[in-house]
There are 2 protein chains.
Amino acid sequence: MGVVSLFRVAPEGGITAPKGFRAGGLHCGLKKTPRNDLGAIVCEVPAAAAAVYTTNVFQAAPLKVTRESIASGGRLLRAVVVNSGNANACTGAQGEADAYAMRAAAAAAFGLGEHEVAVASTGVIGELLPMDRVSAGIAGLPAALAASGEGAEQFCQAILTTDLVKKEVCVKLDVDGCEVTIAGAAKGSGMIHPNMATMLAFVTTDAAIEPQALQSLLGETTDLTFNMITVDGDTSTNDMLLAMASGLAGGGELAPGHADWDAFAAAFRHVCETLAKAIARDGEGATRLVEVTVTGAVTDGSARAIAKTIVGSSLVKSAVFGADANWGRIIAAAGRAGEPINPETVDIRLGHILVLSGSRPIPFDEDEALAYLKGDTVNIFVDLHNGKGEATAWGCDLTYDYVRINAAYRT
Amino acid sequence: MGVVSLFRVAPEGGITAPKGFRAGGLHCGLKKTPRNDLGAIVCEVPAAAAAVYTTNVFQAAPLKVTRESIASGGRLLRAVVVNSGNANACTGAQGEADAYAMRAAAAAAFGLGEHEVAVASTGVIGELLPMDRVSAGIAGLPAALAASGEGAEQFCQAILTTDLVKKEVCVKLDVDGCEVTIAGAAKGSGMIHPNMATMLAFVTTDAAIEPQALQSLLGETTDLTFNMITVDGDTSTNDMLLAMASGLAGGGELAPGHADWDAFAAAFRHVCETLAKAIARDGEGATRLVEVTVTGAVTDGSARAIAKTIVGSSLVKSAVFGADANWGRIIAAAGRAGEPINPETVDIRLGHILVLSGSRPIPFDEDEALAYLKGDTVNIFVDLHNGKGEATAWGCDLTYDYVRINAAYRT
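Keep in mind it's a predicted model, so treat the numbers as computed, not measured.

About the thresholds
- Residues numbered from 1 in each chain as written.
- Chains lettered and ligands numbered in written order.
- Predicted model: local features only at pLDDT ≥ 70, side-chain atom pairs only at ≥ 80, totals over all residues.
- Heavy atoms only, no water.
- Pairing = 2+ DSSP bridges.
- Helix = DSSP H or I, 4+ residues; strand = E, 2+ residues; numbered from the N terminus.
- Core = buried A, V, L, I, M, F, W, Y, C linked by side-chain atoms within 4.5 Å.
- Buried < 20%, exposed > 50% of the residue type's maximum accessible area, 1.4 Å probe, protein only.
- Contact = heavy atoms within 4.5 Å.
- Buried area = accessible area lost by both parts, 1.4 Å probe.
- Salt bridge = Lys/Arg side-chain N within 4 Å of Asp/Glu carboxyl O.
- Polar contact = N/O pair within 3.5 Å; in protein donor to acceptor, adjacent residues only side chain to side chain.
- Nonpolar A, V, L, I, M, F, W, Y, C, P; charged D, E, K, R; others polar.
- Axes fitted to C-alpha atoms, helices over the stretch in contact; angles between N-to-C directions.
- Parallel < 35°, antiparallel > 145°, perpendicular 65-115°, else oblique.
- Left-handed = near helix turned anticlockwise from the far one by under 90°.
- UniProt positions renumbered as here; feature names shortened; annotations may be inferred.
- Phe/Tyr/Trp six-rings, centres within 6.5 Å; stacked < 30°, edge-to-face > 60°.
- Least-squares fit on C-alpha atoms with pLDDT ≥ 70 in both.
- 1 Å grid on protein atoms, 1.4 Å probe; cavity = no way out; pocket = protein on both sides within 12 Å on 5 of 7 lines; lining within 4 Å.
- Points joined across faces, edges and corners; volume = space filled by probe spheres on them.

Working definition: the strands of a sheet are paired by backbone hydrogen bonds and lie parallel or antiparallel to each other. Residues and elements named next belong to chain A. Sheet architecture is open: six strands sit in the order S13-S12-S11-S14-S10-S15, paired in mixed fashion. The open sheet is flanked by strand S13 (360-361) and strand S15 (389-396), the only strands paired with a single partner. Bridging between strand S10 (residues 289-297) and strand S14 (residues 377-383) involves seven bridges; their strand directions are parallel. Looking at S14, one finds that Val-292 is bridged to Ile-380.

Another point: the nonpolar core. Core analysis: the biggest nonpolar cluster contains 110 residues, and Ile-182, Phe-264, Phe-268, Val-294 and Ile-310 of chain A together with Phe-202 of chain B have the highest contact counts within it. Element by element, the count of residues in this core is highest for helix H6 (residues 261-281) of chain A, at 13 residues. When neighbours within four sequence positions are excluded, Ile-182 of chain A is seen to be in contact with Val-169, Cys-170, Val-171, Leu-173, Val-203, Thr-204, Thr-205, Phe-264, Ala-267, Phe-268 and Val-271 of chain A. Formed by 109 residues, the second largest nonpolar core is a distinct cluster that contains Ala-47 of chain A together with Leu-173, Ile-310 and Ile-341 of chain B.

Moving on: the interface of chain A and chain B. With 58 residues of chain A at the interface, the matching set in chain B holds 57 residues. Across the chain A to chain B interface the summed buried area is about 4500 Å²; carbon plus sulfur atoms make up 60%. Counting across the chain A and chain B interface gives zero salt bridges. At the junction of chain A and chain B, the tally comes to zero residue pairs in polar contact (both at pLDDT 80 or more). If you list the elements that add at least two residues to the side of chain A that touches chain B, you get helix H2 (92-110), helix H8 (314-321), helix H9 (327-335), S13 and helix H11 (400-407) of chain A. Of the residues forming the side of chain A that touches chain B, the biggest block, eight residues, is contributed by H9 of chain A. Of the residues contributing to the side of chain A that touches chain B, the split by class is 27 nonpolar, 21 polar and 10 charged.

Residue and element names in this part refer to chain B. Running from amino to carboxyl end, helix H1 (residues 61-72) crosses helix H2 (residues 92-110) at an angle of 50°, the nearest separation of the two axes being 8 Å. With respect to H2, the element H1 is oriented oblique. For H1 against H2, the interelement crossing comes out right-handed. Contact with H1, carried on its side by Ala-61, Pro-62, Lys-64, Val-65, Glu-68 and Ser-69, involves Gly-95, Glu-96, Ala-99, Tyr-100 and Arg-103 of H2 and no other residues of that element. Of the residues contributing to the contact of H1 with H2, the split by class is five nonpolar, two polar and four charged.

All names here are of chain A. The sites that carry the UniProt feature "binding site: substrate" (unreviewed entry) are, in the present numbering, Thr-161, Lys-187, Thr-198, Glu-284, Asn-406 and Thr-411. You can see Lys-187 is positioned in strand S7 (residues 178-187). Within the local environment of Lys-187, its side chain forms a polar contact with the side chain of Thr-122, the two groups lying 2.9 Å apart. In this fold, Thr-198 is placed in the loop between S7 and strand S8 (200-205).

What follows deals with the packing of aromatic side chains. All names here are of chain A. Scanning the model with the defined rule gives nine aromatic pairs over all chains in all. Seen in terms of ring centroids, Trp-261 and Phe-264 are 6.1 Å apart; in terms of plane orientation they differ by 40°. Their pairing is tilted. On the criterion of helical spacing, the pair formed by Trp-261 and Phe-264 is a turn pair, its members being three residues apart in helix H6. What makes Trp-261 buried here is its relative accessible area of 11%. Exposure remark for Phe-264: the relative accessible area of 0% places this residue in the buried category. Taken together, a centroid distance of 6.1 Å and an interplanar angle of 35° make the contact between Phe-264 and Phe-268 tilted.

Burial runs high along helix H8 (residues 314-321) of chain B: seven of the eight residues are buried. Phi for Ala-323 of chain B, located one or two positions after H8 of chain B, is positive at around 55°.

What follows concerns the environment of Thr-293 of chain B. Residue and element names in this part refer to chain B. Structurally, the position occupied by Thr-293 is in strand S10 (residues 289-297). Note: C-alpha distance between Thr-293 and Ala-393 (100 residues apart in sequence) is 6.5 Å. Contact partners of Thr-293, with chain neighbours within four places excluded, come to Ile-380, Phe-381, Val-382, Ala-391 and Thr-392.

For the rest of this paragraph, the subject is the sheet that holds strand S13 (residues 360-361) of chain B. All names here are of chain B. Ordered by their spatial adjacency, six strands build an open sheet running S13-S12-S11-S14-S10-S15, and the pairing between neighbours is mixed. Pairing within the sheet leaves two strands with one partner each, and these edge strands are S13 and strand S15 (389-396). As paired elements, strand S11 (residues 347-350) and strand S14 (residues 377-383) share four bridges and run antiparallel to each other. Within S14, the position partnered with Leu-350 by the bridge is Ile-380. Of the strands in this sheet, S11, strand S12 (353-357) and S14 touch helix H10 (residues 366-373), which is tilted by about 120° from S14.

The two copies are related by a screw motion: chain A maps onto chain B through a turn of 180° and a shift of 0.0 Å along the axis, at an RMSD of 0.0 Å. Taken together, these values place the two copies in the relation of a two-fold axis. Of every C-alpha in chain A, the one belonging to Tyr-400 of chain A sits nearest the axis of rotation, 2.7 Å from it. Most of the interface of chain A is mirrored in chain B: 98% of its interface residues are interface residues there too.

Attention shifts here to empty space enclosed by the protein. To find leftover empty space, a probe the size of one water molecule is rolled over the atoms. Enumeration over the complete set of coordinates arrives at two cavities of 30 Å³ or more. Of the volumes computed, that of the largest cavity is approximately 70 Å³. Val-316, Ala-319, Val-320, Asp-324, Ala-325, Asn-326, Ile-330, Leu-350, Leu-373 and Ile-380 of chain B together form the lining of the largest cavity. When residues in the lining of the largest cavity are grouped by element, the largest group, three residues, is from H8 of chain B. Partitioned by chemical class, the residues of the lining of the largest cavity number eight nonpolar, one polar and one charged. Reported here for the second largest cavity is a volume of approximately 50 Å³. Around the second largest cavity sit Val-316, Ala-319, Val-320, Asp-324, Asn-326, Ile-330, Leu-350, Leu-373, Val-378 and Ile-380 of chain A, which together line it. At the level of secondary structure, the elements contributing two or more residues to the lining of the second largest cavity comprise H8 and S14 of chain A. The greatest single-element share of the lining of the second largest cavity, amounting to three residues, is contributed by H8 of chain A.

Before going further, it helps to examine the side chain of Thr-221 of chain B. Residue and element names in this part refer to chain B. Along the chain, the position of Thr-221 falls in helix H5 (residues 211-224). Of note is the side chain of Thr-221, whose polar atom sits 2.6 Å from the backbone oxygen of Leu-217. Apart from the residues within four sequence positions on either side, Thr-221 is in contact with Phe-268, Arg-269 and Cys-272.

The structure is reproduced here in structure tokens:
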């Protein structure tokens, strides 16, 4: 990646690293074990806000409330309050009232207007929130907030469900000579997992950026990152990605055309891509990350569709689990993506190992392929030789543990 | 099904039951074990022929040859020759030449014109056919043909790959007072399974029907039957459904408007639906058949899309394996199908057990649900209360054995 030099990764940083942000988390009693299940990010100034939401017809109540806050507050937010353990989805009028009550309680606790607060939930679908516990928890949040790494850590823990690891990233770059920080935190157990109402991601930055420019960047970046992870093709009722920009880093306002815009966009993409890949790698039962890169498609959109079809194929995913260099499944998945392909010109590589050239099998060393496929990350390269479109998608292998986790989850 | 009375199931019948058809199979050496791997169906008169093929961009060579035979022979066929163990897909110019050679050898063996012969293959992708074995085998086919049930049995065995059971069905009905028979045979291990180049199905009948009417009926029926089984969403390079009608039963020519057309169409659909469900039930690793019926959609097409999305969801399939009444996954799958749904009016039943009404959870007896979900067949009913569209889709559960079979298949 040639763009890496435009920014630098800050391994120790988290969502409180950008200037102006505090965060925290605590246990209010939604999870049975004493792990954090309630958290918040609060900005000391109104932050430019942008969000993208699940496309599922069934949208959880908190998404409606957050949408309303961002729209009616001039696209500025001061805080987001998040619970895990309960998705507040398919909960009807009472669920909506509860999401508004969460927002009101957080606004009161932090001394903010209601429309300055966003709400997110993740957890089991179809159960009402125990609002007494939520309200008591929110009242305790102001004392739990910190601008330190510990605050970010407590927040990260508060949004996890079946995740095995927390997902955090932080990068820095220079804008008009001032150091700008972008950080992110996410949850999602890899598999798009409706009953756990799956993916939440939060990006904070101290860059100065107008809300509409942030929304456009967020939308474009989501298409290349979060929308390129596909694990079992399911789409949750609660997915939400929220970005907040405090503008406290100094430097001029960022927008397309600014000398440092490309660096900011690349850094922002790196944050989103790192979180998205971390979600795919932490897939339920997953043993390895699968990265599929398609080149030579007629358009980038076509390449995206093909890459996602391959990385989402149960047969490809099973083959990766079995370290089986089964290129027949890869080409068959490409062929059913509904996109233009010349059936005579396809090359496929597994890492550095060429297995198909001009749509014809190439003899390869099975032991070498086995060793490659047993690695931590499997890269599948598909060159269609049919245009200039390209894309990368991420997923994970399909394992016994996926079946075990999902066969027995609810009961 | 009120239409069942329009025809009668003939449990002992197979593809040789309709007048004019002989069939057979033998082992020519494509499978390592001494199981049949080459078969044929031959009709004593030119039979009206119709076929549908995989939509995959990568189509195996035999499909091209069959398409050409049907088109250039006035949509009449006398025979189809089929091998298993090798898909003759992704095999380039040599593969095409081999498919033509198979057709020529069969035409010579049966004393037919080349354009009276169709060809089908199923098995591993990307390997050339050992044509010496295939040719020797085809030369032996005439002696292997029989109009008896034994001929049908030997043919059924010859088309199987990882199937655990053979799939056969036969029905009878009266047309103009003459007894007409429709029979079918299929292979497909349930999972749409590209490397085994998956589903082949053959329907024979002694009804008199014009080829175009047969093609129209085949297309419409496929949309309601074979196209409604979705197991892992993958589409093979070799899928083919071929119907042949000898016209030897007597009675007038069938076409829409004929007094017995509806009965014939219902019987034809029963044959296709029975084979399709048998494929889903014999899914790799499957322990139960899943039948999803969607009603109250805006159109039948919309209902089909929603039913297929639900039955294809890995999360729904895992939950069925675990006998977990996880309606949250069902509603979330419905919501991502991309079809119009009123999120406030959805009912869901698991068999007779109502679990969601007006999109709100209904308390139900967990033990009763567990007992129901442990049955041999699981029926999921989704009523959207949003129109008059309806459809049924079939699939199977996702199990440890699916992962085992597909992780280790090729090697």
